[in-house]
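# Observations on the model geometry
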Amino acid sequence: MEKLVIHGGTSLKGEVSIVGAKNSAIAILPATLLCKGICTLHNVPNIIDVKLSCQILEALGSKITWLSSNSIIIDNRNITCTHAPLDLTRKFRASYYLIGAMLSRCKEIEVGLPGGCNLGARPIDQHIKGFEALGAVSNLSQGKINVRADKLVGTSIYMDVVSVGATINVLLSSVFAEGTTTIDNAAKEPHIVDVANFLNSLGADIRGAGTDLIKINGVKNLKENITYSIVPDQIEAGTYMLAAIATKGDLIIKNCIPEHLDSVTSKILEIGGNVEYLGDSIHVWSNSRPNKTVIKTLPHPGFPTDLQPQMGVILSIANGTSIITESIWDSRFQYTAELNKMGAHITAQGKSAFFEGVESLYGAPVYATDLRAGAALVIAGIVAKGTTEVFNVKHIDRGYESIENKFSSIGAKIKRVTEGE
Ligand code: UD1
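What counts as what
- Residues numbered from 1 in each chain as written.
- Predicted model: local features only at pLDDT ≥ 70, side-chain atom pairs only at ≥ 80, totals over all residues.
- Heavy atoms only, no water.
- Helix = DSSP H or I, 4+ residues; strand = E, 2+ residues; numbered from the N terminus.
- Rg over C-alpha atoms; globule rule 2.2 N^0.38 Å.
- Buried < 20%, exposed > 50% of the residue type's maximum accessible area, 1.4 Å probe, protein only.
- Contact = heavy atoms within 4.5 Å.
- Areas by Shrake-Rupley, 256 points an atom, 1.4 Å probe, with all protein chains shown as cover.
- Lys, Arg positive; Asp, Glu negative; His and termini not counted.
- Charge placed at Lys NZ, Arg CZ, Asp CG, Glu CD.
- Phe/Tyr/Trp six-rings, centres within 6.5 Å; stacked < 30°, edge-to-face > 60°.
- Pairing = 2+ DSSP bridges.

### Some points on the overall build of the chain
In terms of helices and strands, the chain carries 14 helices and 23 strands. Taking 2.2 N^0.38 as the reference for a compact globule, 421 residues should give roughly 22 Å; the C-alpha atoms of the chain span a radius of gyration of 21 Å, in line with that estimate. Over its C-alpha atoms, taken along the principal directions, the chain stretches across nearly 65 × 45 × 45 Å. The buried share among the 421 residues of the chain stands at 58%. Put simply, of all contacts in the chain between residues at least 6 apart along the chain, 72% involve residues at least 24 apart. Surface accessibility of the chain: about 15,500 Å² in total, with carbon and sulfur atoms responsible for 49%. Here the chain carries 39 positive and 40 negative side-chain charges, and the mean point of each set is 2 Å from the other.

Next comes the structure, spelled out in C-alpha cells:
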C-alpha cells in the first residue's frame, strides 16, 4: 500500500504546468469509437482513469499506442465486441460514456453499472431518458446495463437535472441520429464544449455546446482521421490556485484557460488572495491569512463541486467562520472528518458545513475518501505543522498526474512511500 508523506509548513512558489482535463479525456476516449479510423490525441493526462478507459477500448477491439506520456493513437477500424468487461467498467464512473458512444457505433452495448468516487447517490436516469427518447431500449439487471436500438431518431430532450454525464452521453448517442436532436437544460462545463469540438472536428454538426441548449443535426458519416488536443484541466489548475492561497505561496499556473476558473478567482479575491490572468497562465499569490466567506457549489459557471474540498482546507484556517453549501453531491464532506484530525473545527450537517477557522493545522495520518478529498488532504499536509501521511493514494492517482512530483517542484516536502519501506 502506498502513502504520501508530507513534511508541512512550506509556502508553494514557482511554476506548475497543467495537463489535459481528466473529465474531458475520459469522455473523448470513448467518443473516438464514433470514428471508424484513427484518432491521435495530445495533452492526454497520464492518470489511472485514462489507463482504465484505454483498457476498456482495447477489450472492444481498439488498438492503442502511446506516442509519449501524454499522446496516444487510437485505431478503431476493428471494433469487434459490444460487451465491455464488467470488472473494468464497474471501476469508474465514466464507463457510462461507452453507452452513448457504442449506441452510435454499433447500436448495442452492455456495461457494468458505473462506479467512481463515493459522493452519494449517482443515478443515471437522465442518461437513460435521453437514450430512450432517441429510440433505444435499456435493460438493467444484475449490476449491468444493456442498451440497444434498431435505429436512433433525433428528438427534443429536456434534462430534469443539469448533468454533465447525461449531456455528454446524449451528445454521443445523437451524432448519427436521423434529423435533429435538442438537449435543453444541458450542462455547460468546459469539457462538454471540448467533447463537442472533438466531434465537430470529425464532421459532426453540434451547435450550442457551452450553453444550456445544444442542437445536434444528425450526420451520416464522420472523418476517419483526426488529431486533437484535450482542453487543459480546470480542476487541476484550480487545485494549484487554492494550494497557493492555502500555503501563502506564489504560483504561476501555466497551460490553462483562466476564464474557466472565474468563479474560483472571484472567491480567492473575496477572501483576500491575489489573482492575475496572463494569457494562458494564472498568477496566484497571498501574503495574509484568508478571510471567511460563504460558498455554494453549482454547475458551471458556478463554483465547482470538484474544488469544494480544496477550498475547505483554506476555510479551515481562515479568519472567522465560513459556510460551504454543497448542492451537487450528498456525501462530499467526508474529508472534513479527516481535516478535524489535523486540528480543524468543521461541523458538517446535511448539505452544509461550518468552518470555524483555526490558526494552524497539525500533521496526522489521514485517509483520502475520494479523489478531490485526497487532493485537499495533500494541500492540508503542506499547510500543517509537522508530518502528515495521506493514505488511499489510489484515489488521487485516478485524477492527478504525478501529484507528488508537481508539488515537490514548487517547494512541497512530499514523497510517495510504499508501506513497509
Ligand atoms: C461529473 C464529474 C464529477 C463532477 C460532476 C459535477 C466526470 C467523470 N465526473 O460527474 O467529477 O463532480 O460532474 O460537476 O465527468 N444526476 C441525476 N440523474 C442523472 C445524472 C445525474 O439525478 O442521470 C444528478 C447527480 O446525482 C448529481 C447531479 O445530477 O446530483 C450532477 O451530476 P452529473 O453532472 O451527472 O455528474 P457526473 O457526470 O456523474
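### Here's the deal with the packing of aromatic side chains
Under the definition given, this model contains 5 aromatic pairs. Note on Y240 and F407: the rings are 4.7 Å apart at their centroids and 35 degrees apart in plane angle, and the pair reads as tilted. Taken together, the residues span a long stretch of sequence, with Y240 in helix α8 (residues 234-246) and F407 in helix α14 (residues 403-409) at a distance of 167 residues. The class of Y240 is buried, set by a relative accessible area of 1%. Their ring planes at 20 degrees and their centres at 5.1 Å tell us that Y367 and F391 sit as a pair that is stacked. Placement of the pair is Y367 in strand β21 (residues 365-367) and F391 in strand β22 (residues 387-391), with a sequence separation of 24 residues. Take Y367: its relative accessible area is 39%, and that puts it in the partly exposed class.

### Describing the pairing of strand β7 (residues 137-141)
Pairing geometry for β7 and strand β8 (residues 144-148), over 5 bridges, is antiparallel. Bridge pairing links S138 to V147 in β8. In sequence, β7 turns back onto β8 through a hairpin of 2 residues, with Q142 there showing a positive phi of about 50 degrees.

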